[in-house]
Amino acid sequence: MTPCRVNVKRWQAEMIHSLFVINHLGDIFLEKHWKSVISRSVCDYFFEAREKAVDPENVPPVLQTPHHYLISIYRGKLFFLSVIQTEVPPLFVIEFLHRVADTFQDYFGECSESVISDNVVIVYELLEEMLDNGFPLATESNVLKEMIRPPNILRSVVNTLTGGSNVGETLPQGQLSNIPWRRAGVKYTNNEAYFDVTEEIDAIVDKSGTTVSAEIQGVIEACVKLSGMPDLTMSFMNPRLLDDVSFHPCVRFRRWESERVLSFIPPDGNFTLMTYHISSQNLVAIPVYVKQSISFFEAGSCGRLDITIGPKQTMGKTVEDLKVTVHMPKAVLNANLTASQGNYTYDFTTKLLVWDIGKLNPQKLPNLRGSLSMQTGVPNPEENPSLNIDLKIQQLAISGLKVSRLDMYGETYKPFKGVKYVTKAGKFQVRT
Amino acid sequence: MTAMQKLLQLPVNAVNMVKTVQSQVQGQEEDKSPVLTPDSGQQAWYSALQPDELRHLRSGGTGGGGGGDQEERAPLEEGGGGGGGGFQTQPLRHDDLKEMLDSNKDSLKLEAMKRIVAMIARGKNASDLFPAVVKNVACKNIEVKKLVYVYLVRYAEEQQDLALLSISTFQRGLKDPNQLIRASALRVLSSIRVTIIVPIMMLAIKEAASDMSPYVRKTAAHAIPKLYSLDPEQKDQLIEVIEKLLADKTTLVAGSVVMAFEEVCPERIDLIHKNYRKLCNLLIDVEEWGQVVIINMLTRYARTQFLNPNINESLLEEGGSGDKTFYGSDEDEDEDEEEKEKKAEAAAMAKRKPYVMDPDHRLLLRNTKPLLQSRNAAVVMAVAQLYFHLAPKAEVGVIAKALVRLLRSHSEVQYVVLQNVATMSIKRRGMFEPYLKSFYIRSTDPTQIKVLKLEVLTNLANETNISTILREFQTYIKSMDKDFVAATIQAIGRCATNISEVRDTCLNGLVQLLSNRDELVVAESVVVIKKLLQMQPEKHSDIIKHMAKLTDNIQVPMARASILWLIGEYCEHVPKIAPDVLRKMAKSFTNEEDIVKLQIINLAAKLYLTNSKQTKLLTQYVLNLAKYDQNYDIRDRARFIRQLIVPTEKSGALSKYAKKLFLALKPAPVLESPFKDRDHFQLGSLSHLLNAKAGGYQELPDWPEAAPDPSVRNVEVPEWTKCSSREKRKEKKVEKPFYTDSEGESGPTESADSESDSASGSESSSGSEESGSGSESEESKEASESEEEEEEEEEEQKKKKKKDLKKPVQESESEQSSEEEERKHQRKSKPRKSESESESDEDEESESESSQSESEDSESEAEVKKKKKTAESKPPPKPLKKESKKEKKEMSLLDLDDFEPAPSPQVTPVNTFLSNSLVTDLEGLSLSDSVLSPATIAPSSALKSYELLHRITGEGLSVEYCFSRQPFSPDANMVAVQMQFTNSASSDTKNLHIEDVKLQSGMRVKEFPEIELLPAGETATAVMGIDFCDSTQAANFQLCTHTRKFFVSIQPPVGELMRPVFLTENEFKKEQGQLMGMNEITEKLTLDVKCRNEHAIVQRVTTAANLSRVPCGSDKECSPPVPPPDYPVHRFAGRTVTSGSLVLVTVATKEEGAAQLTVNCEKMVIGTMLVKDILQALTQ
């Protein structure tokens, strides 16, 4: 009955044919077809793979079925599953699905089943706008927001009273301007531009404390609320630090290439201006060191654990929000520990030991020690679990990157400008 | 059909029409649903408030049976009435919704439509509401209309006749003055999959393709594939439309029309010719999704139109420019290209077949490169595959960095990228080698990512990095994730086969794994060891013995079978053990798995042939057991083998060859990557990922033997064809979207061409930079100094004696040199001193901090290097030593501890401090050690001072200024200018201050605080800061006193626009390597006779420019002495004050005063000017 079958021979191409949104229980609670309807039975192949993978993260993102290809992403405990019939770059679809999830996040504050179900009409309208005949049409949040207004409590109250709607009354201009990411006629009484430079340290530190690999991933998030069409130029004290960068489409590549400045007309509101990478070729400062010993004894079926954390290269700043997460081996039943600072929890179902330390005091190093009780009769785990470290350092970009100045052209008012730096631990792992 | 068409084309008043239809429809409905009561208004409201599931007893049966799994829940809950799986027999109860749709209130309609859309979203059938919904298509309310459109698109196919009723509304919409309404009408019209309206759609598309609004044209492009799928007969007409739209010059349309092209007529490559250059140039401004499609299409196009750039691969490689593109920054690109083209030409001279890259080919490569910086992973991947398939080998390297960046993204993106990297890393291993560490595995990675990373690591392994990789593997072996461990063992096996140097190490490591507790690990190791042993069995009889012992313990059939096979195959090496193993196996034969049984028979046969004395009976016994086995394969095998090996009358000729049959030399297996040869699929494609051709996959054509005529791409408009003007256009293009009006209605005309970017500040400033460069020699007059100053000077001289003593050469020279020479010397040392002083301000601190960390970097870099060296220099572990060690260590799999690096400097905090202080020490050496407070600095004695205002023009007031080379504390980006005011008039001067500053854009001035009173005959000094924006533009301003105003200007020599930075020689070389090409200026010179010694050179250079000397000699022993030691190389480093761009100066001396001056600077203008200045300083 579905006409797509008839067309199969001709490989009737559209990039994304259908979308199914599936929750963690395996219920399909939303479907959208951009062309003819494809039966949801196609998802059975996916459920099969999902079963096999055990972990939702291990479901292959691309699956082949007799007549279709399924490309899926896993976001916020939801699977976004798209049905493809013909050759298409898989990243194209994956990237688009993530953009869909991002848009939901942007609109509703989170991307979860309940939120999608509650706003199903807006979701549907969004999907309709984002994709035309399976090809992306409008994916810029600024453009979408002009066409379909995000819900907020006040408006939804007003809407129910007046029968108003969340569709824009005025016709959007965004698509029509040559700057697809910014609408015309923005007005603010307070003109301000804030930039958050966040750097994450990805590192693997081995047992002896040697850094196996370390790199810095940075991102500059912007919140720009400026009237009119401001043309901003941001320059850095030390742009040579940046090993690799990627930009929001608004940034002029050529200016960057020739002058190492970011020149752009910003989108209105929040956006990611650029992400950058400082590679392992440069030496990365590791803010903390970890002394640990975890051992399991054959006799008595118990283990010992002793972890101490101290500051290493903190550039004189305080390390905050320090947290250690350990995935214990299955055989560990319980943990009986004492923490000199902060609290620890051990979840024996997930085998997750979390030690929440808080601020790192260099005078009195936080320590966690005690015994682990093990399942009897089970051989000792061979591998010691690795420690995942979380931390935060305010007012510091660990790479040393600094924004030297921000200039605005094109408008006459004086904007308020601010830059904030934060360093965090990204995938920071200590092997034991 | 014709009747319907007529009806549709009539300019009917839609409302009337809909009304008549409405009555019709209602009539039908009433027949169907007897429940409908006219006065049920309130009731409808009530029921409308219930959850809508209650009203839809039937779930969406559209797709046919299979789908009913979980989602069926809701309908089933409310039970039996619905007649679950059966065909639709009962009318549905959507009466309340119909009621609402029929009402006059928009709010009710809206509510109803929202519920209907919610039903559709959940996959429930709402098709019976079609008549009620379709008449709302003309509704004035935009929101209702929109939702009706959603509904229509979904169900029009099923209810074609009714859907036709809506067509006229859309047709009117197509004529609407508002472009958005036109566009959305076309969108919906083309989405209604009803064959009957094909002609209408065709007409609408054609019209929209020449619409004024680019947005409507974009929609037209989107509609093309829709129509094509509906009716492929229309292809020819559609191609015409595509051709027309391809010629469109707006970025909005480009992506969509190429998408249409790809779907309708990808084979019509000829349509692209005329648009090729335009597409290349527009590319950067097209929206992300369009970029992907265009890049993929252009990849295919280029493969048909250009020649393989790697034809002369070998010759090009001799040029050895491979590394350069790796590290070279983007700016060198142009230069590189030229170079490469030159090289290619040179190569071509040597070879008969010359290869010169088509400029259009180059255009494509150049214009896609910046897109590697896109935030969209799909775009990055598209460019990466384009480079992989099209770029000269030496240039492909640039994509590695971007791909590695994507590894930080979502795990799905990682998965796809890693697959592609795995394929690329086989062909171009060198490309990813620098990023080896980015592929290290974390315990938190999902297994599928781990396995892919492992694949890449294995592909990247070579002689130099294998020790590092194996050490990593050693960690992985201990993982809790057993699938991953198995994959790691396989990977070790592959490394061992590929790299003979580590084969023994790997083998030993794997043998140790045989005592692992986990059976899977053991089994996997056995299988891999078996493969490895096949390569050189004679050496490893003890491993085979060891494995023979394992048969008692290992239960995994595959592993047992592998061991037995090994023993059988190499029974000659273990003549004593083999029969014993057979004996044991014979005992347990009946309990073994089938594959093990087969190998037991195999072993028996082999032993019988080599050692029949001992094993004859055993073999007989085994064969007898096998004869009665349940499995017919085993019975057959036994029979077959018996006939072969036991000579009887019947067996005849064949048994003579039994030995040859069984004990033939078997070729060692080749362990290959599963990604080998995957690159015949276009990278980044679905087909590549699945390693199977997906439907609609367009093969990547092979390069043509001879290039097709390139002139087909020429366009009549002359400026397109000219290369130079193309460059300019491109520049404009980039700026274009920012400065054009947001109203794109003027679209189809070439707005880009007419546009001139007057607003761009950068360009104007850079232009003036150049113009300003000529006029600086005027200022280089030395001013006379007052007596006071000289006194001070003397004092200082005393202080500095120490320093002078260190440089006796200079001292002796100063005898013959003039007084001025001496002064110069002091001048040189002075700025350095002054630098160390001002530690008060924050900026300075931060700077020194950064320099510290920098030098720290360099230090540990050196460490790393040393480590590497030791690692490299050490021979692979000796087997003897290993034997003894093995026993001790718990799990030292690969026995790599010889390679264990010495603890790196940052392991403990103590070391950090050490290195910090070391750096400060170093800095202390290069700077002067005496500390003076800023106030006591003599204003301009040691520094070259310039006249700002002459005594005569200033009516008694004279002003001199000099560049104090101190950091300007209020703003680190400013150059400090120290001014000395001398009032030689008879009256006091009051209120000295600055006014009316005229600056080039970007420049800033921080005025000095007003000098309230300057009594007659007195002098006063003040410091002001000027941000010159790294240009030698003059800062013009008025100097005001209480009575007069003087127009003055300060123009900096280029050497003052920088501040010194501390670099080590290694760092310097590294940085220099990144500033090649256009950023490097080299000049030959003959040194002035007076400045042929080290000191004089250093002095003159540092006088000419505010740079610091790079200490050399410390690492001379590390690097081979490239310049002969007699002719030293002097290096100086600095950063420009505003942008912080590095300025690197190298003076390489040669015999008889010949020298070569090299300046590397990102800012070419500064570089050129600096060369001029230093040249002057050194030659005079």
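Use the structure listed above.
A brief structural summary. For clarity, every value in this text was computed on a predicted model and none was experimentally measured.

Re the overall build of chain A
Scanning chain A from terminus to terminus reveals eight helices and 23 strands. When burial is assessed residue by residue, chain A has 62% of its 432 residues classed as buried. Here the analysis covers contacts within chain A between residues at least 6 apart in sequence; of these, 69% occur between residues at least 24 apart. For chain A, the accessible surface area stands at approximately 16300 Å², while carbon and sulfur atoms represent 52% of it.

Concerning the side chain of B:Asp679
Residues and elements named next belong to chain B. Relative to the assigned elements, Asp-679 resides in the loop between α38 (658-662) and α39 (686-690). At 2.7 Å, the side chain of Asp-679 forms a polar contact with the side chain of Lys-427. Residue contacts for Asp-679: discarding those within four places in its chain leaves Phe-388, His-389, Thr-423 and Lys-427.

Overview of helix α3 (residues 90-108) of chain A
When the terminal C-alpha atoms of α3(A) are compared, their 27 Å separation across 19 residues agrees well with the 27 Å that a helix rising 1.5 Å per residue should span. Extensive coverage of α3(A) is indicated by the burial of 16 of its 19 residues.

Some thoughts on empty space enclosed by the protein
Estimated volume of the second largest cavity: approximately 120 Å³. Of the residues assigned to the lining of the second largest cavity, the class counts are two nonpolar, three polar and seven charged.

Observations concerning the packing of aromatic side chains
Enumeration according to the criterion identifies 27 aromatic pairs over all chains in this entry. Measuring from ring centre to ring centre gives 5.3 Å for A:Phe92 and B:Trp289, while their planes differ by 75 degrees; the resulting arrangement is edge-to-face. Placement of the pair is A:Phe92 in helix α3 and B:Trp289 in helix α18 (residues 288-305), with the two residues belonging to separate chains. This pair shows no difference in class: A:Phe92 is buried, exactly as B:Trp289 is. Ring plane angle 50 degrees and centroid distance 5.7 Å describe the contact between B:Phe130 and B:Tyr151, whose orientation is recorded as tilted. Of this pair, B:Phe130 sits in helix α7 (residues 130-134) while B:Tyr151 sits in helix α8 (residues 142-155), placing them 21 residues apart in sequence. The pair formed by B:Phe130 and B:Tyr151 is uniform in burial state, with each residue classed as buried. Put simply, the rings of A:Phe46, A:Phe47, A:Tyr74 and A:Phe79 touch in pairs and so form one group of aromatic residues. Its guanidinium or amino end placed over the ring of B:Tyr155, B:Arg154 lies 4.4 Å from that ring's centre, counting from NZ or CZ. Just above the ring of B:Trp565 sits the side chain of B:Lys530; from NZ or CZ to the centre is 5.0 Å.

Describing a nonpolar patch on the surface
Residues B:Leu654, B:Tyr657 and B:Leu661 make up a contiguous nonpolar surface patch of about 330 Å² in total accessible area. Mapped onto the elements of the fold, B:Tyr657 is located in the loop between α37 (632-645) and α38.

What about the packing of helix α33 (residues 557-569) of chain B against helix α34 (residues 577-588) of chain B?
All names here are of chain B. At a minimum axis distance of 10 Å, the contact between α33 and α34 shows a crossing angle of 140 degrees. Here α33 lies oblique to α34, going by the angle between them. The element α33 and its partner α34 pack so that their crossing is left-handed. Between α33, through Arg-560, Leu-564 and Ile-567, and α34, the contact on the second element is made entirely by Ala-578, Val-581, Met-585 and Ser-588. Among the residues forming the contact of α33 with α34, the class breakdown is five nonpolar, one polar and one charged.

Concerning the environment of A:Glu129
Within the secondary structure, A:Glu129 is located in helix α5 (residues 120-130). Judged by relative accessible area, A:Glu129 falls into the buried class, the value being 8%. Sequence separation between A:Glu129 and A:Val143 is 14 residues; the distance between their C-alpha atoms is 10.0 Å. Look past the residues within four positions of A:Glu129 in its chain and what remains in contact with it is A:Leu137, A:Ala138, A:Leu144, A:Met147, A:Ile148, B:Lys146 and B:Arg187.

Conventions adopted
- Residues numbered from 1 in each chain as written.
- Chains lettered and ligands numbered in written order.
- Predicted model: local features only at pLDDT ≥ 70, side-chain atom pairs only at ≥ 80, totals over all residues.
- Heavy atoms only, no water.
- Helix = DSSP H or I, 4+ residues; strand = E, 2+ residues; numbered from the N terminus.
- Buried < 20%, exposed > 50% of the residue type's maximum accessible area, 1.4 Å probe, protein only.
- Contact = heavy atoms within 4.5 Å.
- Areas by Shrake-Rupley, 256 points an atom, 1.4 Å probe, with all protein chains shown as cover.
- Polar contact = N/O pair within 3.5 Å; in protein donor to acceptor, adjacent residues only side chain to side chain.
- Expected span 1.5 Å × (residues − 1).
- 1 Å grid on protein atoms, 1.4 Å probe; cavity = no way out; pocket = protein on both sides within 12 Å on 5 of 7 lines; lining within 4 Å.
- Points joined across faces, edges and corners; volume = space filled by probe spheres on them.
- Nonpolar A, V, L, I, M, F, W, Y, C, P; charged D, E, K, R; others polar.
- Phe/Tyr/Trp six-rings, centres within 6.5 Å; stacked < 30°, edge-to-face > 60°.
- Lys NZ or Arg CZ within 6 Å of the ring centre and 35° of its normal.
- Patch = residues over 30% accessible without salt bridge, like charges linked within 9 Å, V, L, I, M, F, W, Y side chains within 5 Å.
- Salt bridge = Lys/Arg side-chain N within 4 Å of Asp/Glu carboxyl O.
- Axes fitted to C-alpha atoms, helices over the stretch in contact; angles between N-to-C directions.
- Parallel < 35°, antiparallel > 145°, perpendicular 65-115°, else oblique.
- Left-handed = near helix turned anticlockwise from the far one by under 90°.

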